[in-house]
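So you can see what is in the structure, the chains are spelled out below.
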Amino acid sequence: DSGVTQTPKHLITATGQRVTLRCSPRSGDLSVYWYQQSLDQGLQFLIQYYNGEERAKGNILERFSAQQFPDLHSELNLSSLELGDSALYFCASSAGGGRNYNEQFFGPGTRLTVL
Amino acid sequence: LAKTTQPISMDSYEGQEVNITCSHNNIATNDYITWYQQFPSQGPRFIIQGYKTKVTNEVASLFIPADRKSSTLSLPRVSLSDTAVYYCLVGFNQAGTALIFGKGTTLSVSS
């Protein structure tokens with residue numbers, strides 16, 4: 001158990017809909033990252049937040065948005081869903097300190113299926 | 001960001017030592033080399049990180065030559081449970097740069 005929690009575990013929805021994925025980082029971790037993993041694209045970095053502020057942006061579509069709240073949990077909002085958005089969405093967190101500079105702790109993921 | 005190249009797949013048998021090599025020719029001075037392991041439908045898990053020479057922990061060893069243009073993850077005496085995808089990454093996440101996961105190396109261990 002990494003200490004990172006994600007809800008829901010599974011989500012099935014229809015094209016055109018909007019969903020919200022939630023992530024709670026490990027206690028004390030200030031950074032939260034979102035990744036998308038589909039069969040054909042591998043693990044794609046979407047966005048990073050650090051203590052409420054956007055820190056880095058990857059291949060995140062304009063239909064997607066995220067935020068990190070004062071209690072450090074984060075939400076990833078996906079709108080106007082398309083079939084191709086079906087994927088596993090992972091959240092990860094990191095402490096921002098310590099010797100393992102690139103160590104991120106990944107949650108169990110949310111499997112999104114768009115029908 | 002430094003790009004990495006690693007084999008798409010490798011096969012091994014239980015009890016053997018497995019070495020997965022990753023090349024990263026344009027690694028930056030402050031980049032660290034990091035390896036992650038991922039099982040199906042699970043999030044990646046940090047294995048080991050190094051800057052130069054050799055790093056060893058309870059799971060694996062990481063060998064980095066002086067020029068740092070490549071690295072080798074060594075898994076001693078693999079078991080069936082080591083069947084997974086292994087990702088090599090280079091970067092310095094604490095500086096705010098994102099970690100880029102490539103396609104990784106799918107290691108299959110047979111009995």
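Described below are features of the structure shown in this document. (Residues numbered from 1 in each chain as written. Chains lettered and ligands numbered in written order. Predicted model: local features only at pLDDT ≥ 70, side-chain atom pairs only at ≥ 80, totals over all residues. Heavy atoms only, no water.)

Observations concerning the overall build of chain A
Applicable threshold: Secondary structure is summarised from DSSP: a helix means a run of H or I of at least four residues, a strand means a run of E of at least two, and numbering begins at the N terminus for each. The size measure is the radius of gyration over C-alpha atoms, and the globule rule it meets is 2.2 Å times the number of residues to the 0.38 power. Residue contacts are counted whenever heavy atoms from the two residues lie within 4.5 Å of one another. Per-residue accessibility takes into account occlusion by the displayed protein chains alone, with areas from the Shrake-Rupley method and a 1.4 Å probe. When charges are counted, Lys and Arg are positive and Asp and Glu negative, with His and the chain ends excluded. For this purpose, a charge sits on NZ of Lys, CZ of Arg, CG of Asp or CD of Glu.
Looking only at helices and strands, chain A has 0 helices and 11 strands in total. Its helices and strands taken in sequence order, chain A reads β-β-β-β-β-β-β-β-β-β-β from the N to the C terminus. Relative to a compact globule of 115 residues, whose C-alpha radius of gyration would be 13 Å, chain A shows 13 Å and is just as compact. C-alpha extents for chain A along the principal axes are approximately 45 × 25 × 25 Å. Residue pairs at least 24 apart in sequence account for 54% of intrachain contacts in chain A once pairs closer than 6 positions are excluded. Here chain A has roughly 5600 Å² of accessible surface; of this, 46% comes from carbon and sulfur atoms. Taking the average location of the 9 positive side-chain charges in chain A and that of its 11 negative ones, the two points are 4 Å from each other.

Examining the state of the cysteines
Using the following cut-off: The disulfide criterion is simple: two cysteine sulfur atoms within 2.5 Å. The buried label goes to any residue with under 20% of its type's maximum accessible area, the exposed label to any with over 50%, and the partly exposed label to all in between, with areas taken from a 1.4 Å probe on protein chains only.
Scanning the entire structure with this criterion turns up 2 disulfides over all chains. Linked covalently through their sulfurs, C23(A) and C91(A) form a disulfide whose S-S length is 1.8 Å. Negative torsions about the S-S bond denote left-handed disulfides, and the value of about -50° found for C23(A) with C91(A) makes this one left-handed. With C23(A) in strand β3 (residues 19–24) and C91(A) in strand β9 (residues 87–94), this residue pair connects regions lying 68 residues apart in the sequence. Grouping residues by exposure puts C23(A) and C91(A) together as buried. With a sulfur-sulfur separation of 2.1 Å, C22(B) is cross-linked through a disulfide to C88(B). One quick way to see it: the torsion about the S-S bond of C22(B) and C88(B) is about -80°, and its sign makes the bridge left-handed. Taken together, the residues C22(B) in strand β2 (residues 18–23) and C88(B) in strand β8 (residues 84–91) connect sequence positions 66 residues apart. Each of the two residues, C22(B) as well as C88(B), counts as buried.

Considering the pattern of salt bridges
Residue and element names in this part refer to chain A. Where we set the bar: Salt bridges are defined as contacts in which a side-chain nitrogen from Lys or Arg sits within 4 Å of a carboxyl oxygen from Asp or Glu.
Tallying each qualifying case throughout the model produces 4 salt bridges over all chains. Between E82 and R63 there is a salt bridge whose closest N-O contact spans 3.7 Å. Note that E82 is positioned in the loop between β8 (74–78) and β9 and R63 in the loop between β6 (53–57) and β7 (64–68), a separation of 19 residues in sequence. A network of salt bridges, in which partner residues are shared, links R63, E82 and D85.

Observations concerning the sheet that holds strand β4 (residues 45–50) of chain B
Residues and elements named next belong to chain B. Basically, it comes down to this: DSSP bridges decide pairing: two strands pair if at least two such bridges lie between them. Where helices are involved, their axes are fitted lines through C-alpha atoms of the stretch in contact, as for all axes, and angles between N-to-C directions lie from 0 to 180°.
Pairing is mixed in the open sheet, where 5 strands are placed in the order β1-β9-β8-β3-β4. This sheet does not close on itself; its edge strands, each paired only once, are β1 (9–13) and β4. Ignoring strand direction, the axes of neighbouring strands in this sheet form an average angle of 25°. Inspection of the sheet shows strand β3 (residues 32–38) paired to β8 by 7 bridges, in the antiparallel sense. In the strand pairing of β8, Y32 is matched with G91.

Focus: the interface of chain B and chain A
The following threshold applies: Two N or O atoms count as a polar contact when they lie within 3.5 Å, although within protein this holds only if one can serve as hydrogen donor and the other as acceptor, and sequence-adjacent residues are included solely when both atoms are side-chain atoms. When residue character is reported, Ala, Val, Leu, Ile, Met, Phe, Trp, Tyr, Cys and Pro are called nonpolar, Asp, Glu, Lys and Arg charged, and the others, Gly included, polar.
With 21 residues of chain B at the interface, the matching set in chain A holds 27 residues. Run the count over chain B and chain A and you get 0 salt bridges. On inspection of chain B and its partner chain A, the count reaches 8 residue pairs in polar contact (both at pLDDT 80 or more). Among the elements of the structure, β3, β4 and β8 of chain B are those that each provide at least two residues to the side of chain B that touches chain A. Its residues assigned to classes, the side of chain B that touches chain A shows 10 nonpolar, 10 polar and 1 charged.

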